[in-house]
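# What the coordinates show
Listed below, chain by chain, are the residues.
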Amino acid sequence: MPPRQFDGSRVRAVRRRRDMHQRQLGELVGVSGATVARWESGKDFPKGEKLPAIATALNEPLDELFPHDGPPDLQLLRCDAGLSVAEATEIIGASRGPVSNAESGRRRLNASYVKPLAAAYGVTEEELLAAQDRSFGIRTTAPHGDQEVAPRTIGEKINFLLQYGSTGEEALSDAEIARLVNEHAPTAAVTAEDIGELRDGTETATSDEVRAGLAHAFQVPAWLFGDDAELSPMVQEFLEAVRFIDSIHQGHILGLAARGSEILSRRSMADINRLVGELRHALSEVQDKEQPR
């Protein structure tokens, strides 16, 4: 099924209004007349990257002939550029993996791929990165496009924490998340595939044990994975602060002083330690204010 809404009967009606045969439409979009017939009868669907060519051939606006809901994700950007996965991978000189994994919310694009793909898709790098967030289940824009929307579903929270709240240099993999959940709640027995389904939204229901295990895996309060809890701006700001604290514990900042660097003086180190204390105190305040009563 293409990422846009496809109605074969509407395509047939527009084609007939243009006094065009199925074979003619097929020639314009690079398929056979028989393929067009299957599309129009609902027996098959065109690939998403074919929709712009169909709209152009029928002289119809793409958004009117094939509407879609909400802002675009990576798949929609690629398809609207008329590119297949194979064609997109040729642009970045890689295998199909990076593009497919990013579109399905499994692994983010390497930073070096962002600029060439944005150019190929006809968008800015910021728009491409926002679309990537949406491919990972992070709703960055409200339905009317005028305000930020906090992650609410289990999958959206996992994806947000992977991007903004994970500890260490690299985000946890689905397998690592599953292992941590099972260590904390051994009867849960979740798999990497289960975590992937939560993240891409194909599965939304999960047990209290799994929720508690997810909180353990991401080192956040368990109530954040409740149905009525959302990652509000206050919590999001705290998580970003946690990343800074973690970089200190990992030696990314302290290591400078340990190697005799003069970049951080003893006074600076004292200030950092004071900041850590303040942020730890802020956590308790966040929990008091954000936890449902």
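Our structure is the block above this text.
The rules behind the values
Residues numbered from 1 in each chain as written. Predicted model: local features only at pLDDT ≥ 70, side-chain atom pairs only at ≥ 80, totals over all residues. Heavy atoms only, no water. Helix = DSSP H or I, 4+ residues; strand = E, 2+ residues; numbered from the N terminus. Buried < 20%, exposed > 50% of the residue type's maximum accessible area, 1.4 Å probe, protein only. Contact = heavy atoms within 4.5 Å. Areas by Shrake-Rupley, 256 points an atom, 1.4 Å probe, with all protein chains shown as cover. Axes fitted to C-alpha atoms, helices over the stretch in contact; angles between N-to-C directions. Parallel < 35°, antiparallel > 145°, perpendicular 65-115°, else oblique. Left-handed = near helix turned anticlockwise from the far one by under 90°. Arc of directions from axis to C-beta.

### Some words on the overall build of the protein chain
Broken down by element type, the protein chain carries 17 helices and zero strands. A burial count over the protein chain gives 41% of its 293 residues as buried. In the protein chain, the proportion of contacts linking residues at least 24 apart, taken out of those at least 6 apart, comes to 60%. Working note: accessible area of the protein chain is about 16,200 Å², and carbon and sulfur atoms make up 48% of it.

### Overview of the packing of helix 7 (residues 85-92) against helix 9 (residues 111-121)
In the contact formed by helix 7 and helix 9, the axes pass within 9 Å of each other and the chain directions differ by 130°. Here helix 7 lies oblique to helix 9, going by the angle between them. Note that helix 7 runs across helix 9; the crossing there is right-handed. Across from Ala88, Ile91 and Ile92 in helix 7, the residues of helix 9 making contact are Tyr113, Pro116, Leu117, Ala120 and Tyr121.

### Remarks on the side chain of Glu49
The topology assignment puts Glu49 in the loop between helix 3 (33-41) and helix 4 (51-57). When sequence neighbours within four positions are dropped, the list of residues in contact with Glu49 reads Arg78, Cys79, Gly82, Leu83 and Ser84.

### Let's talk about helix 12 (residues 174-184)
Listed as buried for helix 12 are Asp174, Ile177, Ala178, Leu180 and Val181. For helix 12, the angular spread of buried residues about the axis comes to 165°, placing them on one side.

### Here we look at helix 14 (residues 208-218)
Restricting attention to buried positions, one finds in helix 14 the residues Val210, Arg211, Gly213, Leu214, Ala215, Ala217 and Phe218. One or two steps after helix 14, the chain reaches Gln219, where phi turns positive at roughly 55°.

### What to know about the environment of Leu65
For Leu65, the position within the fold is in helix 5 (residues 62-65). Residues Leu65 and Arg10, spaced 55 residues apart in sequence, show a C-alpha to C-alpha distance of 7.8 Å. In contact with Leu65, other than residues within four places in its own chain, are Gln5, Arg10, Val14, Ala55, Leu58 and Glu60.

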